[in-house]
Protein chains: 2
Amino acid sequence: MKKITIKDVAKKANVSEATVSRVMSNSPLISDKTKRKVLKVIKELDYFPNSAAVSLTKSSSRILGIVIEDQNDNPLQNDFFTETLSYISAYALERGYYILYIHSKDNEELHENIERLIKTNRIDGLVFLNLVENDRNINYLKEIKFPYVVLGTPKELDKGLWVDNDNIKATREVTKRMIQKGYTNFTFLSGPTNLTVSNYRKEGYTIALKEAKIKSMYQISSDFDSYEAYHTTKELLMQNNQIEVIITTDDILAIGAIRAIEELGKKVEVTGFNNSKLRKYLKLNFTTVDIRYEELANKSVNILIDNIENVKREKNFVIVQADIIGGEKNGTKL
Amino acid sequence: MKKITIKDVAKKANVSEATVSRVMSNSPLISDKTKRKVLKVIKELDYFPNSAAVSLTKSSSRILGIVIEDQNDNPLQNDFFTETLSYISAYALERGYYILYIHSKDNEELHENIERLIKTNRIDGLVFLNLVENDRNINYLKEIKFPYVVLGTPKELDKGLWVDNDNIKATREVTKRMIQKGYTNFTFLSGPTNLTVSNYRKEGYTIALKEAKIKSMYQISSDFDSYEAYHTTKELLMQNNQIEVIITTDDILAIGAIRAIEELGKKVEVTGFNNSKLRKYLKLNFTTVDIRYEELANKSVNILIDNIENVKREKNFVIVQADIIGGEKNGTKL
DNA sequence: TTGTAGGCGTTATCAA
DNA sequence: TTGATAACGCCTACAA
């Protein structure tokens, strides 16, 4: 199986290599006649240009790296990753880019990988699937001005490309819904407090309560761990009989909380975040927020590629709408 | 940020480009002195060879494609994919290969993708994460003799590279364990019957029963869908009071079955397969099989790369040991 | 042990 | 509208 090169095509079509190249890149400086002729030969020989040669001359690989930090054994994260990954890959492909998977348990190794990938010209840009505060890699990319996009809201809103939901707004809406149901005793169950997203969601919660002039509110936090959420909730509820609603920052926390509530035979409403498959899978129907994975993926890929290809944009970020769903019957298992 | 090339290094080190190249590739035909000198300059200039140029001369990209077929909304699949993906990526990296993520909802598109990736020389080999019977892509690869490995047991055992557990043996062992517990009324709850793996597991089950001269056995099947498994099991149990054990081919089926059993207040033991995170997550403790993801990943990457690099091997496959775990207390939720 | 030079498969510049 | 030809950055005979 000898590889067909541009030379073979040129010879068979009786034109120069340059002409074939022009046909491939859809150049306008070509007569229709020769174009057709060359295209025919390309079809016949089933010619595909060697990507290494193209990369070499264009100094662009048309590959995006996607960085996955460790998942911490959280099954919801897995949903998030596989979903986002496949959407990102699909939208990247639409613009002619492929996805290189970058993952490492070890942070130092991850950094070296990214560095090598960039320096060897293997990738044109990077997508970060989870935003860590003051991430070393992000700082590095900023420094060397390498194109990247982050799924999440960074500290400095005007720096770097990012795509995210409006977490404040979404949590505020969720909380408002609960207020409208007539509840007045709220508790906020947060995920890891070192994640920016936790703080944004807390802010939304706080605003909604303030607007409604509701005072009573407890705040507890937990890792993204349903088991811990279960224990934390249980303790809380045993100490406090008034609580009517627990607003959480993640379905996984909500699920843990619900288990505690059921066990204590209490009537407390819970809200989640992220519209996880696990929630659907367990047939739980608490209120949650659908963050529109597909749109997040779409927007991040496109803002990144625009940046790579020097397509001008007004803003360096995109806010994706989120939808509040569920909540008709709370915690009803099938 | 101008890119450093081999030329820059050569100039600064006062040697030819060839010498630098030799140092990079650790060639023996080099004096220690110049080697050290060149290495020093490489460090100083922070030189990394352009991968496109290397690919072009070596006609090898050092990239492996990993093919993910559609996940069908099964949360366990997600676990499997993210786990395997990250292990595969780690082991590939150890041998200097990167992972390109290949996924498409549309089968035709997937095929075109694979074809283009190969013809443009972007990938050196392919890993298939789920084996479909008579897969079009696999047939294509066989035809053009392109290196690939499959995680699963193919129909023709002597064709192509593959890595899998011994499913027959594992299911046979699981069934034997149940027999040793004194049960005599068995049912087999299978996943999709068009998957080879379902049939292998069924065979293991059948053998174990035959060996123990146990006759009574029912067989039902279901999609990889806990909800369907739940209904199927419920129906079965309502018609039949004797059943003591249900052997399933997947944790997700086991979980569905357990829910049905609990609902009916029956005492039926269930076994699963795959040691899913969901099982741990739900704190269920039915007997299941740990298929050793990491080893599966490791072996498949290495058998594939050996093939790519013409490293001779005795066999075209690797069987990975599986471990039976759990089962002390069945279905006990926390 | 080292250097020279041709080649890998394209693209892009400059002539024609 | 087309064709030569010099890059792109590296590797590898072949010579020295």
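On a predicted model such as this, the values are computed, not experimentally measured, just so you know.

### Brief notes about the pattern of salt bridges
Counted according to the given criterion, the structure contains 38 salt bridges over all chains. The closest approach of N and O atoms between Lys40 of chain A and Glu44 of chain A, which form a salt bridge, is 3.5 Å. Note that Lys40 of chain A and Glu44 of chain A are positioned in helix α3 (residues 32–45) at a spacing of four residues, about one turn of the helix. Given the relative accessible area of 43%, Glu44 of chain A is considered partly exposed. Of the charged contacts, one joins Lys119 of chain B and Asp46 of chain A as a salt bridge, the two residues approaching to 2.4 Å between their closest N and O atoms. Separated into two different chains, Lys119 of chain B in helix α6 (residues 107–119) and Asp46 of chain A in the loop between α3 and α4 (51–58) make up a pair that spans both. Lys119 of chain B sits in the buried class, given a relative accessible area of 19%. Through salt bridges with shared partners, one network takes in Arg62, Arg95, Asp306, Glu309 and Arg313 of chain A.

### What about the UniProt feature "domain: HTH cro/C1-type" (unreviewed entry) in chain A?
The positions UniProt marks with the feature "domain: HTH cro/C1-type" (unreviewed entry) are residues 2–48 of chain A. The annotated region residues 2–48 of chain A carries 64% helix and 0% strand content, and the separation between its end C-alpha atoms amounts to 12 Å.

### Things to note about a negative patch on the surface
On the surface, a cluster of negative charge is made up of Glu94 of chain A together with Asp106, Glu109 and Glu112 of chain B. Residue position: Asp106 of chain B is located in the loop between β2 (98–103) and α6. Take Asp106 of chain B: its relative accessible area is 38%, and that puts it in the partly exposed class.

### Re the sheet that holds strand β6 (residues 186–190) of chain B
All names here are of chain B. On the basis of which strands lie adjacent, the open sheet formed by four strands has the order β7-β6-β8-β9 and parallel pairing. Two strands close off the open sheet at either side, each with one partner strand: β7 (217–221) and β9 (269–271). Neighbouring strand axes in the sheet, compared pairwise and without regard to direction, differ in orientation by 20° on average. In the packing of helix α8 (residues 167–180) onto the sheet, the strands contacted are β6, β8 (245–248) and β9, and the crossing angle to β8 comes to about 170°. The strands touched by helix α10 (residues 226–239) are β6, β7 and β8; relative to β7, the strand with the most contacts, the crossing angle is about 150°.

### A few points about the packing of helix α8 (residues 167–180) of chain A against helix α9 (residues 196–211) of chain A
Residues and elements named next belong to chain A. It is at 7 Å that the axes of α8 and α9 come closest, and there the two elements cross at 40°. Between α8 and α9, the angle is such that the two are oblique. α9 is crossed by α8, and the crossing has right-handed handedness. The residues of α9 that touch α8, namely those facing Asn167, Ile168, Thr171, Arg172, Thr175, Lys176 and Ile179, are Val197, Tyr200, Arg201, Glu203, Gly204, Tyr205, Ile207, Ala208, Leu209 and Glu211. Grouping the amino acids of the contact of α8 with α9 by side-chain chemistry returns eight nonpolar, four polar and five charged.

### Here we look at the relation of the copies chain B and chain A
With an RMSD of 0.1 Å, the operation that places chain B on chain A is a rotation of 180° combined with a shift of 0.0 Å along the axis. Read as a symmetry element, the transformation amounts to a two-fold axis. With an isologous cut-off of 70% or more, the 100% of interface residues of chain B that recur at the interface of chain A puts this contact in the isologous class.

### Some words on the domain arrangement of chain A
Think of interface size as the accessible area that goes away when the parts come together; that is how it is often given. When cut into domains, chain A gives domain 1 (6–49), domain 2 (63–165 + 293–322) and domain 3 (167–291). Taken over C-alpha atoms, the centre of domain 1 of chain A sits 37 Å from the centre of domain 2 of chain A.

### A look at the nonpolar core
In this structure, Leu129 and Phe186 of chain A together with Phe186 of chain B are the most contacted members of the largest nonpolar core, which totals 89 residues. Looking at this core element by element, the count peaks at eight residues for helix α13 (residues 293–308) of chain B. Among all residues touching Leu129 of chain A, those that are not within four sequence positions of it are Ile66, Val67, Ile68, Phe80, Phe81, Thr84, Ile88 and Leu151 of chain A.

### Observations regarding the protein's contact with DNA strand C
Taken together, 25 residues form the shell around DNA strand C, and within it Ile6 and Ser21 of chain A together with Thr19, Arg22 and Thr34 of chain B come nearest. Counting only atoms of DNA strand C within 4 Å of the protein, the fraction found in sugar and phosphate groups is 64%. At 2.8 Å, a side-chain N or O of Thr34 of chain B approaches a phosphate oxygen of DNA strand C. Counting residues per element, the ones that place at least two in the surface near DNA strand C are α2 (17–24) and α4 of chain A together with α2 (17–24) and α4 (51–58) of chain B. For the surface near DNA strand C, the per-class residue count stands at 13 nonpolar, nine polar and three charged.

Analysis parameters
Residues numbered from 1 in each chain as written. Chains lettered and ligands numbered in written order. Predicted model: local features only at pLDDT ≥ 70, side-chain atom pairs only at ≥ 80, totals over all residues. Heavy atoms only, no water. Salt bridge = Lys/Arg side-chain N within 4 Å of Asp/Glu carboxyl O. Helix = DSSP H or I, 4+ residues; strand = E, 2+ residues; numbered from the N terminus. Buried < 20%, exposed > 50% of the residue type's maximum accessible area, 1.4 Å probe, protein only. UniProt positions renumbered as here; feature names shortened; annotations may be inferred. Patch = residues over 30% accessible without salt bridge, like charges linked within 9 Å, V, L, I, M, F, W, Y side chains within 5 Å. Areas by Shrake-Rupley, 256 points an atom, 1.4 Å probe, with all protein chains shown as cover. Lys, Arg positive; Asp, Glu negative; His and termini not counted. Charge placed at Lys NZ, Arg CZ, Asp CG, Glu CD. Pairing = 2+ DSSP bridges. Axes fitted to C-alpha atoms, helices over the stretch in contact; angles between N-to-C directions. Contact = heavy atoms within 4.5 Å. Parallel < 35°, antiparallel > 145°, perpendicular 65-115°, else oblique. Left-handed = near helix turned anticlockwise from the far one by under 90°. Nonpolar A, V, L, I, M, F, W, Y, C, P; charged D, E, K, R; others polar. Least-squares fit on C-alpha atoms with pLDDT ≥ 70 in both. Domains from an automatic or database assignment. Core = buried A, V, L, I, M, F, W, Y, C linked by side-chain atoms within 4.5 Å. Near = heavy atom within 4 Å. Polar contact = N/O pair within 3.5 Å; in protein donor to acceptor, adjacent residues only side chain to side chain.

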